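# A closer look at the structure
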Amino acid sequence: MLVVFGECFGNYREAARLYRNRYPNRRHPNNTVIRRLKIRAEQGQLTRRHGKRDYNFDVRVLAVLAAVHIDPHISTRQIARQTGIPQRTIVRIFRKVLFCQWARQMIAHDADFFKYVLFSDESTIQNVTGHSFLELLRDHLPTLLEEVDLETR
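Residues numbered from 1 in each chain as written. Predicted model: local features only at pLDDT ≥ 70, side-chain atom pairs only at ≥ 80, totals over all residues. Heavy atoms only, no water.

## Some words on the UniProt feature "domain: DUF4817" (unreviewed entry) in the protein chain
- Per the UniProt entry, the sites bearing "domain: DUF4817" (unreviewed entry) are residues 1-37 in this numbering.
- Structurally, residues 1-37 comprises 65% helix and 0% strand, and the distance from its first C-alpha atom to its last is 8 Å. (UniProt positions renumbered as here; feature names shortened; annotations may be inferred. Helix = DSSP H or I, 4+ residues; strand = E, 2+ residues; numbered from the N terminus.)

Listed below in structure tokens is the structure:
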């Protein structure tokens, strides 16, 4: 949007019109949106406000796991109502816990399993060795994980 704004020599309405014509399949900002974006850019506030969370030291993880420990048949909707944690976040936590449980099973079966695994996310690729992953599992997973059965979900 800012590039289009620059092409229009600072004319907000012209920038909105050009953006609408150039990108017909996108959402079309009006001149006010472009003006606010320009102001944010001038103030250096163009960083993303939301990003991926690191759940390693999040109190919400313990709250969710404690709720499941108390009532193994509780639904994610009930946990969300009781704790105020979004249901989508609860599902993400469960997925991470299930992955960790699976990883521990793989390590128990073959101690060298993670020497041959390449982990990546959407933006970077990192090689996590088996030793560093074992340290992660040992240091950051509470013993509560062993007692929580998430397979019944």
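Next, the rest of the story.
## Description of the pattern of salt bridges
- Under the defined criterion, the tally for this structure stands at three salt bridges.
- Among the ionic pairs, R22 bridges to E7, the shortest N-O distance being 2.7 Å. Taken together, the residues span a long stretch of sequence, with R22 in helix α2 (residues 12-22) and E7 in helix α1 (residues 2-7) at a distance of 15 residues.
- By relative accessible area, R22 is classed as partly exposed at 38%.
- Taking relative accessible area as the criterion, E7 reaches 38% and is therefore assigned partly exposed.
- We note a salt bridge from K38 to E42, for which the minimum N-O separation is 2.8 Å. Here K38 pairs with E42, and both are found in helix α3 (residues 31-42), just four residues apart, close to one helical turn. (Salt bridge = Lys/Arg side-chain N within 4 Å of Asp/Glu carboxyl O. Buried < 20%, exposed > 50% of the residue type's maximum accessible area, 1.4 Å probe, protein only.)

## Structural notes on a positive patch on the surface
- Residues R88, R92, R95 and K96 make up a contiguous surface patch of positive charge.
- You can see R88 is positioned in helix α6 (residues 87-109). (Patch = residues over 30% accessible without salt bridge, like charges linked within 9 Å, V, L, I, M, F, W, Y side chains within 5 Å. Areas by Shrake-Rupley, 256 points an atom, 1.4 Å probe, with all protein chains shown as cover. Lys, Arg positive; Asp, Glu negative; His and termini not counted. Charge placed at Lys NZ, Arg CZ, Asp CG, Glu CD.)

## Some points on the packing of aromatic side chains
- Per the stated rule, a full pass over the model turns up three aromatic pairs.
- Their ring planes at 50° and their centres at 4.9 Å tell us that Y19 and Y23 sit as a pair that is tilted.
- In this structure Y19 comes out as buried when scored by relative accessible area, which is 8%.
- Y23 sits in the partly exposed class, given a relative accessible area of 26%.
- For the pair F99 and W102, a centre-to-centre distance of 5.6 Å together with 35° between the ring planes defines the contact as tilted. (Phe/Tyr/Trp six-rings, centres within 6.5 Å; stacked < 30°, edge-to-face > 60°.)

## Some remarks on unusual backbone geometry
- Even without being a glycine, F9 presents a positive backbone phi close to 55°.
- Judged by relative accessible area, F9 falls into the exposed class, the value being 78%.

## Remarks on helix α4 (residues 59-70)
- When the terminal C-alpha atoms of α4 are compared, their 17 Å separation across 12 residues agrees well with the 16 Å that a helix rising 1.5 Å per residue should span.
- Among all positions in α4, only R60, V61, V64, L65, A67 and V68 are buried. The buried residues of α4 all sit within an arc of 155° when viewed along its axis, so they share a single face. Along α4, the residues that are exposed and aim more than 90 degrees away from the buried face are V59 and I70. (Expected span 1.5 Å × (residues − 1). Arc of directions from axis to C-beta.)

## So, the packing of α4 against α6
- Contact pair α4 / α6: the axes reach a minimum separation of 10 Å and the direction vectors enclose 80°. Accordingly, the angle class assigned to the pair α4 and α6 is roughly perpendicular. Across the interface between the two elements, R60, V61, V64, L65 and V68 from α4 touch T89, I90, I93, F94 and V97 from α6.
- Across the contact of α4 with α6, the residue classes tally to eight nonpolar, one polar and one charged. (Axes fitted to C-alpha atoms, helices over the stretch in contact; angles between N-to-C directions. Parallel < 35°, antiparallel > 145°, perpendicular 65-115°, else oblique. Contact = heavy atoms within 4.5 Å. Nonpolar A, V, L, I, M, F, W, Y, C, P; charged D, E, K, R; others polar.)

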